[in-house]
Amino acid sequence: MDFSTTVAAILSLFIFSFLYRDNPFYKFAEHLLVGVSVGYFLVISIDNVLVPKIADRLLRQNDWSVIVPLLAGALILARLIPKWSRWSQLALAVVIGVGAGVAIPATLQAQILTQMKATMFSFIPPENSIGWLYILERIVILLGLTSVLAYFFFSKEHRGVFGTYARIGTYFLMIFFGATFGYTVMSRLSLLIGRIQFLLGDWLGFLN
Amino acid sequence: MLLKLPLIIVAVFGLFMLVQFFVEAPFLDHTYQEILDWVQIIYLFTLWVGAINLIKLHLKKSTHKKEAPYSVVTLSGIVIMLFFGLIQGKEVGSVFDWIFKNVQVSLQASMFSLLAFFVASAAYRGFRARSTEALVLLSVAAIVMLGRVPIGDLISGLIPDFANWILNFPSMAARRGILIGIGLGTVATALRVLLGIERTYLGR
């Protein structure tokens, strides 16, 4: 039971005390987490961006092109002064323009074409597979994908055959949400088990 | 001028990044990387705006009698991390590293594990199988959860296999549909932004 483990364990207990009700111990831990996290990210941002991408280039390489993003950054700081906050829109415009320009080809490639390619398969089962199951699985993927897309197609009213097809899409969506929910619950539970193992094992030494 | 300038900047930077993807030229590649660095520098300042606002808020709250101790804790956390991170460095074994491992990671893990209780309680109160869709959602969630724990295998060896099948086929199909939908929406929104039709980011 060393000092570091004891500190980590006591802070964990402070957080778990919220299960009883909101209390000063929980509030202390919550505020500490906010402060430490902000401090951590500030240090990381200084080490990873300010030093190599601004200070080094300006002072060691005499690269004055960094002045442009520095000015843009200064415009972002104008948000802190309500009278000047509109000037920050110029810097935000750079970020939004770059984001939009990068997003179009990247999204087309990664989220549309790759997903479509993965859905185009042969219905002829490979030799080492169960024939009927292989075909059923491909039908499920094709039906699921097209019906979900039909559900999200709002330019046509969801009535008649199209409406029925879109309704099949809602069942596939429910399967996806259910699976995602189950996965989320399990990941949170595994975190909880990890913390309990830490408290009972690493800290108190009950689990050996 | 301040009304039109952001739209021009968005169009110029956006079109350059778009065109650069299709044209191969070392000069364009260099400029592309340079602009990505600029964006990182601007992000750094946005992070600082957030931090400065938080510090201002807690400095203000530290004058209130009831909230003062907690605000002092937050401010101390920021100052201590900045002090040790900048003076001593963040190598393994430093004070910064010790606080990160024993305070930040520990608090974060406990905070997220708390969600297990809240998810369970919300599910108990909110999830009633009032319709066929809700029944499907609940059944799939139950099968996936059972398929991930040893008791599922003890009940029947088929449960983990079925959970995997659900994840790999019907759930995957819906996921692909959602991803394609998001992708089409992203491209459409990006085009609207580049063409100056979408201006909500300017508060208009």
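Parameters at a glance
Residues numbered from 1 in each chain as written. Chains lettered and ligands numbered in written order. Predicted model: local features only at pLDDT ≥ 70, side-chain atom pairs only at ≥ 80, totals over all residues. Heavy atoms only, no water. Domains from an automatic or database assignment. Contact = heavy atoms within 4.5 Å. Buried area = accessible area lost by both parts, 1.4 Å probe. Salt bridge = Lys/Arg side-chain N within 4 Å of Asp/Glu carboxyl O. Helix = DSSP H or I, 4+ residues; strand = E, 2+ residues; numbered from the N terminus. Nonpolar A, V, L, I, M, F, W, Y, C, P; charged D, E, K, R; others polar. Phe/Tyr/Trp six-rings, centres within 6.5 Å; stacked < 30°, edge-to-face > 60°. Buried < 20%, exposed > 50% of the residue type's maximum accessible area, 1.4 Å probe, protein only. Lys NZ or Arg CZ within 6 Å of the ring centre and 35° of its normal.

## Considerations on the domain arrangement of chain B
By domain assignment, chain B separates into domain 1 (1–58) and domain 2 (62–126). Using C-alpha coordinates to define each centre, domain 1 of chain B is positioned 31 Å away from domain 2 of chain B.

## Let's talk about the interface of chain A and chain B
Taken together, the contact pairs 108 residues of chain A with 107 residues of chain B. Summed over both partners, the interface of chain A with chain B comes to about 9,900 Å²; 82% of that surface belongs to carbon and sulfur atoms. Broken down residue by residue, the surface that chain A buries against chain B is led by A:H31, A:L80 and A:I104, which jointly contribute 6%. Linking chain A to chain B there are five salt bridges. In this structure, B:E133 engages A:R167 in a salt bridge whose closest nitrogen and oxygen atoms are separated by 3.1 Å. At the level of elements, α1 (3–16), α2 (24–60), α3 (67–77), α4 (88–119), α5 (131–151) and α6 (160–203) of chain A are the ones that each hand at least two residues to the side of chain A that touches chain B. With 28 residues, α2(A) is the largest single contributor of residues to the side of chain A that touches chain B. A per-class count over the side of chain A that touches chain B returns 75 nonpolar, 21 polar and twelve charged.

## With respect to the packing of aromatic side chains
Applying the stated criterion across every chain yields a total of 18 aromatic pairs over all chains. Between B:F21 and B:F22, the ring centres sit 5.2 Å apart and the planes meet at 85°, which makes this aromatic pair edge-to-face. On the accessibility criterion, B:F21 (41% relative accessible area) is partly exposed. A relative accessible area of 61% means that B:F22 is categorised as exposed. Ring-pair connections join several aromatic residues into one group, and the members of that group are A:Y40, A:F41, B:F96 and B:F100. Looking at A:R138, its charged tip hangs above the ring of A:Y134, at a distance of 4.0 Å from the centre. When the ring centre of A:F162 is taken as origin, the NZ or CZ atom of A:K156, which lies over that ring, is 5.8 Å away.

## Examining the pattern of salt bridges
Residues and elements named next belong to chain A. Counted according to the given criterion, the structure contains twelve salt bridges over all chains. R60 is the salt-bridge partner of D56, the closest N and O atoms lying 3.9 Å from each other. Taken as a pair, D56 and R60 lie in helix α2 at a separation of four residues, close to a single helical turn. Relative accessible area serves as the criterion here: at 69%, R60 is assigned to the exposed category.

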